Amino acid sequence: MSQYNKSKTIIANWKMNPKSYSEAINLLDAYIENINNNKINLNNINFIIAPPAIYLQAIFLKLQKFNICLSAQNICWENQGAFTGELSASSFKSIGCEFAIIGHSERRIYNKEIDELIAKKCLVAINAGLTPIVCVGETKVEFDNQETWRVLTRQLEFLKNINTHFLVAYEPVWAIGTGVSADLAYIAKITDYIRDIFNSKNIKILYGGSVNEVNAKEIFQLQNLDGALVGGASLDAEQFAKICG
Ligand code: PGA
């Protein structure tokens, strides 16, 4: 069983990968092999994997003796009922998940998720006993128009009313999957801004957007930042172990 309370948090967001059950298990085996080979001490980091929901239970059973937590990539805005094709926060909790990613930019863009829906999902997650990982970040157009602060303030507003622990992942949309992360000074500035909004709250702030084995060390050295949400690089077990190590 996992313990979540370390200073550094690293989340592997597998998104809609790998494309089959056997490949997912192979990736997990490769994680375990690389964790051992690189002597990564899982007692020093909050190591969270967010695989596609369909692989979660098998991964949970395989990981039980490791200090690794599991997260849903998305949950329904309601917790039970006639919502064909949706998955509830309680059902994730019942198969061993402790976290739920909410409001990822890919869901905001492709599924047209708006702030009100994201706020609702957050409450549903908390009520079911999941810790929300709320993703925020500006698009390229918003960045170019210097609207970042306005966008973040709007996206974070509802969290002011939440008094349990949560995580905020700052993921500028223009940095996700591009190979080019935001620069360190910029990440530091945004992290300070988010920290100021929630100064008295028990939260963790992560950065996401093209984190890889080359830039991870510097990113983790940022004083005010608690870790990273990693997409593409988390699909390569060797590279991901280097990010964690
Ligand atoms: P990336 O994705 O690391 O591939 O940029 C991050 C994310 O979308 O969470």
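Above this text you will find the structure in question.
Report on the accompanying structure. Treat the numbers as computed from the prediction; the structure is a model and nothing was measured. (Residues numbered from 1 in each chain as written. Predicted model: local features only at pLDDT ≥ 70, side-chain atom pairs only at ≥ 80, totals over all residues. Heavy atoms only, no water.)

## Thoughts on the pattern of salt bridges
Point 1. All chains considered together, the criterion is met by 14 salt bridges.
Point 2. Across the pair E113 and K121 runs a salt bridge whose closest N-O atoms are separated by 2.7 Å. Of the two residues examined, E113 and K121, each falls in the buried class. (Salt bridge = Lys/Arg side-chain N within 4 Å of Asp/Glu carboxyl O. Buried < 20%, exposed > 50% of the residue type's maximum accessible area, 1.4 Å probe, protein only.)

## Comments concerning the packing of aromatic side chains
Point 1. Tallying each qualifying case throughout the model produces 13 aromatic pairs.
Point 2. Both rings, one in Y31 and one in F47, keep their centres 6.1 Å apart while their planes meet at 75°; by these two values the pair is edge-to-face. One end of the pair, Y31, is in helix α1 (residues 21-37); the other, F47, is in strand β2 (residues 45-50), and 16 residues separate them in sequence.
Point 3. Judged by its relative accessible area of 3%, Y31 falls in the buried class.
Point 4. Measuring from ring centre to ring centre gives 6.4 Å for Y170 and Y207, while their planes differ by 50°; the resulting arrangement is tilted. Here Y170 is found in strand β6 (residues 166-170), whereas its partner Y207 is found in strand β7 (residues 203-208), with 37 residues between them in sequence. Each of the two residues, Y170 as well as Y207, counts as buried.
Point 5. Each member of the aromatic cluster is reached from another via a ring pair, and the members are F143, Y170, W174, Y186 and Y207. (Phe/Tyr/Trp six-rings, centres within 6.5 Å; stacked < 30°, edge-to-face > 60°. Helix = DSSP H or I, 4+ residues; strand = E, 2+ residues; numbered from the N terminus.)

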